[in-house]
Amino acid sequence: MFVMKHLMVMFLLVPIIAYGQTALIEEQSRKMEQIEKQVGESLDQLSVFVEVAGKKVLQRVINKRWPENIQTTFNVLKDSQGRIIYIGEFPTSESGDWNLELRHYFDENGKLIAFTKRLAFFSEECTDNAVVENTVELYDGNFKIIHATKSLTDNEGKSLDEQRCSDPYNWTFDKRPTASALAELKRIPQ
């Protein structure tokens, strides 16, 4: 009887927990989309910093005066309270063989809510076009992935086989639980 009561409680809790998880996924996705919209509408409000070869300190780009030898560009958007809500990281491919976009989205408390990666690269074994990998990860308040999606297409949107077309670079990417931790890691002025 005791076991039956506990099993019954567990069966009742599973749908509630699943609903809570779904609601959080939808909320984090909505927040990410709102921030992405703000980035698109506020291009003139983005702070742009570049990592230049041979320099330890990031340089701020003002009035579109871009320095030579850029290794990585960082776009930073702050909310009306001065809190970082978005950091876009765009490494430069000297050869032009790949294009990488890493985007980090943060809530009003500075916690990571989403990370996206868009990698485009060439793979003759796979397609005559560019291969485009899109990854989206949504996070809870404890820096745990609660939902992840990945797609692999050519640049015209046609699905590709992951076995033949996987990422040849096998990079790992820095993610941090907070905006301040990521900014510190990347040496972005706060």
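Residues numbered from 1 in each chain as written. Predicted model: local features only at pLDDT ≥ 70, side-chain atom pairs only at ≥ 80, totals over all residues. Heavy atoms only, no water.

### A few points about the state of the cysteines
- Following the criterion strictly, the structure yields one disulfide and no others.
- Disulfide partner of Cys 126: Cys 165, at an S-S distance of 1.5 Å. Measuring the twist about the S-S bond at about 90 degrees, one finds the Cys 126-Cys 165 disulfide to be right-handed. Linking Cys 126 in the loop between strand S6 (112–122) and strand S7 (130–139) with Cys 165 in helix H2 (residues 162–165), this pair joins segments that are 39 residues apart in sequence. Neither Cys 126 nor Cys 165 differs from the other in exposure class; each is buried. (Disulfide = S-S within 2.5 Å. Helix = DSSP H or I, 4+ residues; strand = E, 2+ residues; numbered from the N terminus. Buried < 20%, exposed > 50% of the residue type's maximum accessible area, 1.4 Å probe, protein only.)

### Description of the environment of Phe 115
- Inspection of the secondary structure puts Phe 115 in strand S6.
- According to the relative accessible area criterion, Phe 115 is buried, its value standing at 2%.
- Residues Phe 115 and Ala 148 lie 33 residues apart in sequence; the distance between their C-alpha atoms is 9.5 Å.
- Apart from the residues lying within four places of it in its own chain, the contact partners of Phe 115 are Leu 102, Arg 103, His 104, Thr 135, Val 136, Glu 137, Tyr 139, Phe 173 and Lys 175. (Contact = heavy atoms within 4.5 Å.)

### So, helix H3 (residues 179–186)
- For H3, every residue scored as buried is listed here: Ala 179, Leu 182, Ala 183 and Lys 186. For H3, the angular spread of the buried residues around the axis is 100 degrees, confining them to a single face.
- Taken together, the buried residues of H3 touch strand S3 (70–78), strand S4 (84–91) and strand S5 (98–106).
- Positioned one or two residues after H3, Arg 187 has a phi angle of 65 degrees, which is positive. (Arc of directions from axis to C-beta.)

### Section: the packing of aromatic side chains
- Under the counting rule described, the total for this entry stands at seven aromatic pairs.
- Their ring planes at 65 degrees and their centres at 6.4 Å tell us that Trp 98 and Tyr 169 sit as a pair that is edge-to-face. Within this pair, whereas Trp 98 is found in strand S5, its partner Tyr 169 is found in the loop between H2 and H3, the two being separated by 71 residues in sequence.
- Overall, Trp 98 belongs to the buried group, its relative accessible area being 18%.
- When the ring of Tyr 169 is compared with that of Trp 171, the centres are 4.5 Å apart and the planes differ by 10 degrees; the resulting orientation is stacked.
- Through a chain of ring-to-ring contacts, the aromatic side chains of Trp 98, Phe 121, Tyr 169, Trp 171 and Phe 173 assemble into a single cluster.
- Directly above the ring of Phe 115 sits Lys 175, whose terminal nitrogen or CZ lies 4.8 Å from the centroid. (Phe/Tyr/Trp six-rings, centres within 6.5 Å; stacked < 30°, edge-to-face > 60°. Lys NZ or Arg CZ within 6 Å of the ring centre and 35° of its normal.)

Keep in mind that these numbers describe shape and distance, not what the molecule does.
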